[in-house]
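As a plain string of letters, each chain reads:
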Amino acid sequence: MERVYIGLGSNLSAPDAQLRSALQAMAQLPGTALAQASSFYTSDSLLPGQPRYTNAVAALDTRLAPLELLDALQAIENDQGRERKERWGPRTLDLDILLFGDQLIDQPRLKVPHYQMHLRAFVLYPLAEVAPQDLVLADKRALSALLAQCPFEGLERL
Ligand code: ROI
């Protein structure tokens, strides 16, 4: 059993409802329990010209292997109407594996810890709500240090 943290994001088709529905779907995955979900936060898109995003982080306990979980999360994204037209385009649902226990994963389909999480307030602040205060990532970075370098600026907690 591994403790896994998932970043959720949506900026199309009622984002808050998309996130609630994704939380329910993740709770029903085989061998998986939803341990905790953060508050929802809104922020402007990092890319101009897109609607604002709603983001959150979920803590899961799972017996699935990393790539099994990735497949399951992509199936949930697809079920919720995700269309993959442009790489950074607006989306009904984005589910990112941020952390997978203490594992460092470097595979073509999956890199964990998520490579840009340290730059993203909309990931770090909700993560801090559901993770232990003294969390250290598999690559030895402390969550507290990442937070100290990432201003809360621009986030609105719902
Ligand atoms: N911006 C915000 N605020 N939240 C996201 O989840 C998000 N995801 C993206 C890009 C387009 C980079 N911007 C984002 O993929």
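Below, the discussion takes up the site of the ligand. All residues adjacent to the ligand are Ser43, Asp44, Ser45, Leu46, Gln50, Tyr53, Asn55, Trp88, Arg91 and Phe122. In this structure, an oxygen atom belonging to the ligand sits 2.9 Å away from a side-chain N or O atom of Asn55. Most atoms of the ligand, that is more than half of them, are within 2 Å of grid points of the largest pocket. Among the residues forming the shell around the ligand, the class breakdown is 4 nonpolar, 4 polar and 2 charged.

In this structure, Ile6, Leu8, Met26, Leu69, Leu73, Leu95 and Ile97 are the most contacted members of the largest nonpolar core, which totals 25 residues. Only strand 1 (2-10), helix 1 (15-27), strand 4 (53-62), helix 2 (66-79), strand 5 (94-100) and strand 7 (110-112) provide two or more residues apiece to this core. Residue contributions to this core peak at 5 residues, all from helix 2. The next biggest cluster of nonpolar side chains, apart from the first, holds 22 residues, and it includes Ala59, Leu124, Leu127 and Leu155.

Another aspect to go through is the layout of surface pockets. Once rolled over the atoms, a probe with the size of a water molecule shows which space is left empty. What the largest pocket holds in volume is close to 1,100 Å³. Along the wall of the largest pocket there are 43 residues; nearest its centre are Arg82, Trp88, Arg91, Asp94 and Asp96. Those elements that place two or more of their residues in the lining of the largest pocket are strand 1, strand 4, helix 2, strand 5, strand 7 and helix 3 (121-130). Its residues placed into classes, the lining of the largest pocket shows 17 nonpolar, 12 polar and 14 charged. Estimates place the volume of the second largest pocket at around 190 Å³. Lining the second largest pocket are 13 residues, with Ser43, Leu46, Ala121, Phe122 and Glu153 sitting closest to its centre. A class-by-class count of the residues in the lining of the second largest pocket yields 7 nonpolar, 3 polar and 3 charged.

Bringing the environment of Leu60 into the picture now. In this structure, Leu60 sits in strand 4. The exposure class of Leu60 is buried, given its relative accessible area of 0%. Between the C-alpha atoms of Leu60 and Gly81, which are 21 residues apart in sequence, the distance is 23 Å. With near-sequence residues (within four places) excluded, Leu60 lies in contact with Glu2, Arg3, Val4, Ile6, Met26, Thr32, Ala33, Leu34, Ala35 and Leu69.

All right, on to the pairing of strand 4 then. The element strand 4 is largely enclosed, with a buried count of 10 among its 10 residues. What you see with strand 4 is no split at all: Tyr53, Asn55, Val57, Ala59 and Asp61 on one side and Thr54, Ala56, Ala58, Leu60 and Thr62 on the other are buried throughout. Bridging between strand 1 and strand 4 involves 9 bridges; their strand directions are antiparallel. When the sheet's bridge partners are listed, Val4 is paired in strand 4 with Leu60. Bridge count between strand 2 (residues 32-37) and strand 4: 5 bridges; the pairing is antiparallel. Across the sheet, the residue bridging to Ala33 is Asp61, located in strand 4. Both strand 3 (residues 41-43) and strand 4 contribute to a ladder of 3 bridges, which runs antiparallel. Residue Thr42 lies in a different strand from strand 4, and its bridge partner there is Thr54.

Attention now moves to the pattern of salt bridges. One pass over the full model with this rule turns up 10 salt bridges. A salt bridge links Arg91 to Asp94; the shortest N-O distance between them is 3.1 Å. Judged by its relative accessible area of 16%, Asp94 is buried. Connected through salt bridges with shared partners, the residues Glu77, Arg82, Arg91 and Asp94 form a single ionic network.

Cut-offs applied
- Residues numbered from 1 in each chain as written.
- Predicted model: local features only at pLDDT ≥ 70, side-chain atom pairs only at ≥ 80, totals over all residues.
- Heavy atoms only, no water.
- Near = heavy atom within 4 Å.
- Polar contact = N/O pair within 3.5 Å; in protein donor to acceptor, adjacent residues only side chain to side chain.
- 1 Å grid on protein atoms, 1.4 Å probe; cavity = no way out; pocket = protein on both sides within 12 Å on 5 of 7 lines; lining within 4 Å.
- Sits in = over half its atoms within 2 Å of the grid points.
- Nonpolar A, V, L, I, M, F, W, Y, C, P; charged D, E, K, R; others polar.
- Core = buried A, V, L, I, M, F, W, Y, C linked by side-chain atoms within 4.5 Å.
- Buried < 20%, exposed > 50% of the residue type's maximum accessible area, 1.4 Å probe, protein only.
- Helix = DSSP H or I, 4+ residues; strand = E, 2+ residues; numbered from the N terminus.
- Points joined across faces, edges and corners; volume = space filled by probe spheres on them.
- Contact = heavy atoms within 4.5 Å.
- Pairing = 2+ DSSP bridges.
- Salt bridge = Lys/Arg side-chain N within 4 Å of Asp/Glu carboxyl O.

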